[in-house]
Amino acid sequence: QVQLVESGGGKVQPGDSLRLSCAASGGPFSQYAMGWFRQAPGKEREFVAMISWSGASTQYADSVSGRFTITKANATSAYLQMNRLKPEDTAVYTCAADPVPPNDALLRRGQYNYWGHGTQVTVSS
């Protein structure tokens, strides 16, 4: 049973930074493509960032490009470094992973096999 555990959320002021972590465990797979999604109150879940299993390829939503960076800590863990946070970044951030990912378009639409429970990020003065 694959489990994803996120950490690093919290409440910060506009302009601050946070780093989210996601670790996959419990499964037979040695590597995962990973992604981050977020959902604000009253809104649909949206794609934030994704990284290939090797870490060589990344993609970002336009709303976070240039401010957020996704990296692989190792084959089964990833970070999301969030800089220059804005109030509109407030949401529950959820990690996703897949050991045999489909194409990038499907991944951006959330077609990952495994999901975490999410961590709250609140940006407010």
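These numbers were taken from a predicted model, which means no experiment stands behind them.

We now examine the nonpolar core. If you look at the biggest cluster of nonpolar residues, it comprises 34 residues, and the most contacted ones within it are Met34, Trp36, Val48, Phe68, Leu80, Met82 and Tyr93. Listed by contribution, the elements that provide at least two residues to this core are β3 (18–25), β4 (33–39), β5 (46–51), β7 (68–74), β8 (77–82), β9 (91–98) and β11 (119–123). Setting aside residues no more than four positions away along its own chain, Met82 makes contact with Asp16, Ser17, Leu18, Leu20, Arg67, Phe68, Tyr93 and Val121.

Taking every second residue as pointing to the same face, the buried face of strand β1 (residues 3–7) carries Leu4 and Glu6, while none of Gln3, Val5 and Ser7 on the other face is buried. For β1 and β3, the ladder comprises 5 bridges, and the chain directions are antiparallel. Paired with Gln3 across the two strands is Ser25, which belongs to β3.

Tracing the backbone through its elements, the reader meets Asp98 in strand β9. In this structure, Asp98 is buried with no salt-bridge partner, the nearest side chain bearing the opposite charge being Lys72 at 12 Å. Separated by 2.9 Å, the side chain of Asp98 and the backbone nitrogen of Val100 make a polar contact. From its side chain, Asp98 meets the backbone nitrogen of Asn113 in a polar contact 3.0 Å long. Setting aside its immediate chain neighbours within four residues, Asp98 contacts Tyr32, Ala33, Gln111, Tyr112 and Asn113.

Thresholds, definitions, all that
- Residues numbered from 1 in each chain as written.
- Predicted model: local features only at pLDDT ≥ 70, side-chain atom pairs only at ≥ 80, totals over all residues.
- Heavy atoms only, no water.
- Core = buried A, V, L, I, M, F, W, Y, C linked by side-chain atoms within 4.5 Å.
- Buried < 20%, exposed > 50% of the residue type's maximum accessible area, 1.4 Å probe, protein only.
- Helix = DSSP H or I, 4+ residues; strand = E, 2+ residues; numbered from the N terminus.
- Contact = heavy atoms within 4.5 Å.
- Pairing = 2+ DSSP bridges.
- Lys, Arg positive; Asp, Glu negative; His and termini not counted.
- Salt bridge = Lys/Arg side-chain N within 4 Å of Asp/Glu carboxyl O.
- Polar contact = N/O pair within 3.5 Å; in protein donor to acceptor, adjacent residues only side chain to side chain.

None of the figures reported here should be taken as evidence of function without further support.
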